[in-house]
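Coordinates in review
This is what each chain is made of:
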Amino acid sequence: MATGQRLLVKITRESLPQVKDKYPFIYLERGRLEVDDSSVKWIDADNHVVPLPVATLNALLLGPGTTVTHEAVKAATAANCTVCWVGEDSLLFYAAGFLPTADTRNLKLQITLSADPVKSVEVARRMFARRFPDADLAGKTLPEMMGMEGNRVRRLYEEKALHYQVGWKGRSFTPGKFEASDLTNQILTATNAALYGILSSALHSMGYSPHIGFIHSGSPLPFVYDLADLYKEELCIDLAFALTRDLAGRYDKHKVAARFRERVIDMDLLAKVGDDVIAMLGTGRAHRYRK
């Protein structure tokens, strides 16, 4: 397990959220989730037992080394608490259990906006406005704004390469052939995947679907990709060029993961995502919690 600063903290009795906090999720790793006397409890690797108030949680994120009993899943489901299976610190997202009784207000809102051609473009325009704060996007079509974004990102790559004095031949990635890419592209691919994992977990915990987007389409996680573009410049692109200079030609997954975590924590990404989703959907305030 990685040492040092962590994106998601270890759960103890003292660190549990209070009922008034309506906590969106708890991350668990290396332990057992089970039920005792109708209550869900977490037993960590050191045999510390922590009762979990699943009725006050939106989601449980189960990381590496976690086992869960059938009864614990039933209890979480009865409390409308989603169960997600993720990589360490939720840097990879594997699967989620869907609740038959979950509150679907946020999902319905997302579907309604996406299905309306006018409102869908308005959401996309708000997303692009974050990257083009000085541009007049009124009347711009989605393809026009996507073209602007493509040009912006290509210029950004070139600017970062010049700033960090790193060679750059363009973005390149072949699925299943990670090692075939140059170092900068390897870091971009790894940090992008980590960002997608965090956002997938966050969206599930808030009751949105990663599969219903406003800019991207024809891909597995369009809403995740839509949101990721709000954060990639700082979390992924700048980091990739900075680390290319520092790693001297050899990919080091531990250093990449550690530096990525640092940036996620410094940005306070987990706090930003909820507010950004509400702002991008233009709803003032979404229904955050399944109660």
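A brief report on the enclosed structure follows. (Residues numbered from 1 in each chain as written. Predicted model: local features only at pLDDT ≥ 70, side-chain atom pairs only at ≥ 80, totals over all residues. Heavy atoms only, no water.)

**Concerning the overall build of the protein**
A count of helical and extended segments in the protein gives nine helices and eight strands. The buried share of the protein, taken over its 291 residues, is 49%. A separation threshold of at least 6 residues defines the contact pool for the protein, and within that pool the share at least 24 residues apart is 63%. As displayed, the protein offers around 14500 Å² of accessible surface, 53% of which is attributable to carbon and sulfur atoms. (Helix = DSSP H or I, 4+ residues; strand = E, 2+ residues; numbered from the N terminus. Buried < 20%, exposed > 50% of the residue type's maximum accessible area, 1.4 Å probe, protein only. Contact = heavy atoms within 4.5 Å. Areas by Shrake-Rupley, 256 points an atom, 1.4 Å probe, with all protein chains shown as cover.)

**Comments concerning helix H3 (residues 117-131)**
When the terminal C-alpha atoms of H3 are compared, their 22 Å separation across 15 residues agrees well with the 21 Å that a helix rising 1.5 Å per residue should span. Of the surrounding elements, those touching the buried residues of H3 are helix H2 (105-115), helix H4 (142-164), helix H6 (222-228) and helix H9 (269-281). (Expected span 1.5 Å × (residues − 1).)

**What about the packing of helix H5 (residues 183-206) against helix H8 (residues 253-267)?**
Packing of H5 against H8 leaves a shortest axis separation of 11 Å and a crossing angle of 50 degrees. Of the possible angle classes, the one that applies to H5 and H8 is oblique. Considering only the axes of H5 and H8, their crossing is right-handed. Across from Ile187, Thr191, Ala194, Leu195 and Ile198 in H5, the residues of H8 making contact are Val256, Phe260 and Val264. Taken together, the residues that form the contact of H5 with H8 break down as seven nonpolar, one polar and no charged. (Axes fitted to C-alpha atoms, helices over the stretch in contact; angles between N-to-C directions. Parallel < 35°, antiparallel > 145°, perpendicular 65-115°, else oblique. Left-handed = near helix turned anticlockwise from the far one by under 90°. Nonpolar A, V, L, I, M, F, W, Y, C, P; charged D, E, K, R; others polar.)

**Quick notes on the pairing of strand S2 (residues 31-36)**
For S2 and strand S3 (residues 39-44), the ladder comprises six bridges, and the chain directions are antiparallel. Considered in S3, the bridge of Gly31 is made with Asp44. Connecting S2 to the next strand, S3, in antiparallel fashion are two residues, including Asp37 with a positive phi near 55 degrees. In this sheet, strand S6 (residues 66-68) lies alongside S2 in parallel orientation, the contact comprising three bridges. Within S6, the position partnered with Leu33 by the bridge is Val68. (Pairing = 2+ DSSP bridges.)

**Digging into the pattern of salt bridges**
Two side chains bearing opposite charge may form a pair once their charged atoms approach each other closely. What the rule picks out here adds up to 14 salt bridges. With its nearest N and O atoms 3.5 Å apart, the salt bridge here joins Lys41 to Asp36. Look at Lys41 and you get buried, because its relative accessible area is 16%. Given a relative accessible area of 33%, Asp36 falls into the partly exposed group. A cluster of three or more residues bridged by salt bridges with shared partners is formed by Arg32, Glu34, Asp36 and Lys41. (Salt bridge = Lys/Arg side-chain N within 4 Å of Asp/Glu carboxyl O.)

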